[in-house]
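Survey of secondary and tertiary structure
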Amino acid sequence: SFAQDDITEEIAMMQELFGDEKASIIKDNVDLTGVNSDAFWKLYNEYEEQRRELGKARIELLQKYTNKKGSLTNQQAKDLMAEAVPLRSAGDKLILNYTKRIEKATNALVSVQFYQIENYISDGIRFSILNNIDFILKAN
């Protein structure tokens, strides 16, 4: 129980720090000149709340994987995939949904800038994680 609480708190802290840095990147790279910036930030904050929930689920899934590393059974591998694929799909759908909503509230340029930055950051994180975890090896 203590360990789970500690992990949950640590995830929340990391997400808050990351979220602050990411908001700064968005502020510096999304041109809100001539559009309703309040509408953009409202949508962005809604998006971030949902993204954080997905991020927490991804971190928990990664933790499950790393705890099983080297000892995955066929069923455990199947169970991990049953979680991983929908999480990836949900993240892609979330970005697309908010890209469309941001376009309606602002304009196409702002929505594309949001989309590009979100994918750049998301893909960078994915690459970093994949670059630092072991591949699942075939059974001996």
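My aim in this report is to walk through the structure given alongside it, one point at a time. Predicted, not measured: the structure shown is a model, and the values here were computed from it.

On to the packing of helix α2 (residues 37–68) against helix α4 (residues 108–132), then. Two numbers describe how α2 lies on α4: the axes approach to 13 Å, and their chain directions differ by 15 degrees. Comparing the axis directions of α2 and α4 gives the class roughly parallel. The interaxial crossing formed by α2 with α4 has right-handed handedness. In this structure, α2 uses F40, Y44, Y47, E48, R51, R58 and L62 to contact α4, whose residues at the interface are V110, F114, E118, R126 and I129. Considered class by class, the residues forming the contact of α2 with α4 number 7 nonpolar, no polar and 5 charged.

Looking now at the nonpolar core. Counting residues in each nonpolar core, the largest one holds 21 residues, and the members touching the most others are V30, F40, V110 and F114. Taken together, the elements giving at least two residues each to this core come down to α2, α3 (74–105) and α4. The element that contributes the greatest number of residues to this core is α2, accounting for 7 residues. Excluding residues that lie within four positions of it along the chain, V30 makes contacts with F40, V110, Q113, F114 and I117.

With that settled, consider the pattern of salt bridges. Considering all chains together, one arrives at 7 salt bridges under this definition. Two residues, E48 and K22, come together in a salt bridge whose shortest N-O distance is 2.2 Å. Of the two residues, E48 is situated in helix α2 and K22 in helix α1 (residues 2–29); the sequence distance between them amounts to 26 residues. Using a relative accessible area of 5% as the deciding quantity, one classes E48 as buried. Using a relative accessible area of 2% as the deciding quantity, one classes K22 as buried. Of the charged contacts, one joins R126 and D123 as a salt bridge, the two residues approaching to 3.2 Å between their closest N and O atoms.

With that out of the way, let us pick up the packing of aromatic side chains. Here the structure, examined in full by the defined rule, presents 7 aromatic pairs. Taking the centre distance of 6.1 Å and the plane angle of 15 degrees together, the rings of F40 and Y44 count as stacked. One end of the pair, F40, and the other, Y44, are both in helix α2, 4 residues apart, so they sit about a helical turn from each other. With relative accessibility at 1%, the residue Y44 sits in the buried group. An aromatic cluster is present here, built from F40, W41, Y44, Y47, Y98 and F114 joined pairwise through their rings.

Criteria and cut-off values
- Residues numbered from 1 in each chain as written.
- Predicted model: local features only at pLDDT ≥ 70, side-chain atom pairs only at ≥ 80, totals over all residues.
- Heavy atoms only, no water.
- Axes fitted to C-alpha atoms, helices over the stretch in contact; angles between N-to-C directions.
- Helix = DSSP H or I, 4+ residues; strand = E, 2+ residues; numbered from the N terminus.
- Parallel < 35°, antiparallel > 145°, perpendicular 65-115°, else oblique.
- Left-handed = near helix turned anticlockwise from the far one by under 90°.
- Contact = heavy atoms within 4.5 Å.
- Nonpolar A, V, L, I, M, F, W, Y, C, P; charged D, E, K, R; others polar.
- Core = buried A, V, L, I, M, F, W, Y, C linked by side-chain atoms within 4.5 Å.
- Buried < 20%, exposed > 50% of the residue type's maximum accessible area, 1.4 Å probe, protein only.
- Salt bridge = Lys/Arg side-chain N within 4 Å of Asp/Glu carboxyl O.
- Phe/Tyr/Trp six-rings, centres within 6.5 Å; stacked < 30°, edge-to-face > 60°.

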